[in-house]
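# Coordinates in review
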Amino acid sequence: MAYKCPVCIKVSTTTLDLARHMIGRGDKEHRDWIASKGFKYSELLTMQLSSFGGEGYRAISEVLERETKMK
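Not measured: the values here are computed from a predicted model. (Residues numbered from 1 in each chain as written. Predicted model: local features only at pLDDT ≥ 70, side-chain atom pairs only at ≥ 80, totals over all residues. Heavy atoms only, no water.)

### Looking at helix α4 (residues 55-67)
The following threshold applies: Counting from the N terminus, the helices are DSSP H or I runs at least four residues long and the strands are E runs at least two residues long. For a helix, the expected span equals 1.5 Å multiplied by the number of residues minus one. For a residue, the bend is simply the angle between two axes, fitted respectively to the seven-residue segment ending there and the seven-residue segment starting there. Think of it in three bands: with a 1.4 Å probe and only protein chains considered, a residue is buried below 20% of the maximum accessible area for its type, exposed above 50%, and partly exposed in between. Contact definition: two residues touch when any of their heavy atoms are within 4.5 Å.
The terminal C-alpha atoms of α4 lie 19 Å apart, and with 13 residues this matches the ideal 18 Å at 1.5 Å per residue to within 8%. At Ser61, α4 shows its maximal kink, close to 25°. For α4, the complete set of buried residues consists of Gly56, Ala59, Ile60, Ser61, Val63 and Leu64. Buried positions along α4 lie against β1 (2-4), α1 (15-25), α2 (28-36), α3 (41-50) and β3 (69-70).

Written out as structure tokens, the structure reads:
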């Protein structure tokens, strides 16, 4: 299964990898997409820094799972 970034041309094999990309890019377009899904970029970063286990990545990867599947 492949997942395509809804903002740019990045294609990932897992939603967790795509979530890392989305948070890692941090540019305005990616932050705006994250905000449009009800998340705050700063809160996702805080979750990543303050907890063990990638909670910020997992939170957004669930949305990416539903919305970015490629055929």
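Right, picking up where we left off after that structure.
### Digging into the sheet that holds strand β2 (residues 11-12)
Within a sheet, each strand pairs with its neighbour through backbone hydrogen bonds, oriented either parallel or antiparallel. For clarity, the cut-off: At least two DSSP bridges between two strands are required for those strands to pair.
If you trace the 3 strands from one edge of the open sheet to the other, you get β2-β1-β3, paired in antiparallel fashion. Of all the strands in the sheet, just β2 and β3 have a single pairing partner and so form its edges. In this sheet, β2 lies alongside β1 in antiparallel orientation, the contact comprising 2 bridges. Opposite Tyr3, over in β2, you have Ser12 as the bridge partner.

### Focus on the environment of Ala59
Along the chain, Ala59 turns up in helix α4. Put simply, Ala59 and His21 are 38 residues apart on the chain and 14 Å apart in space, counted from C-alpha to C-alpha. Once residues within four sequence positions are removed from consideration, Ala59 is found in contact with Phe39, Leu44 and Met47.

### A closer look at α1
Each full turn of the α-helix corresponds to 3.6 residues, which orients residues three or four apart in the same direction. Listed as buried for α1 are Thr15, Leu18, Ala19, His21, Met22 and Ile23. Summarising the contacts, the buried residues of α1 are in contact with β1, β2, α2, α3 and α4. Note on α1: the residue one or two positions beyond its end, Gly26, has a positive phi of about 65°.

### Topic: the pattern of salt bridges
Defined as follows: By definition here, a salt bridge exists when the distance from a side-chain nitrogen of Lys or Arg to a carboxyl oxygen of Asp or Glu is within 4 Å.
This structure, assessed with the given rule, holds 4 salt bridges. For Asp17, the salt bridge goes to Lys10, with nearest N and O atoms at 4.0 Å. Assessed through its relative accessible area of 28%, Asp17 is described here as partly exposed. For Lys10, a relative accessible area of 31% puts it in the partly exposed group. The residue Glu67 makes a salt bridge to Lys37 at a minimum N-O spacing of 3.0 Å. In this pair, Glu67 is assigned in helix α4 and Lys37 in the loop between α2 and α3, connecting sequence segments 30 residues apart. With a relative accessible area of 32%, Lys37 lands in the partly exposed category.

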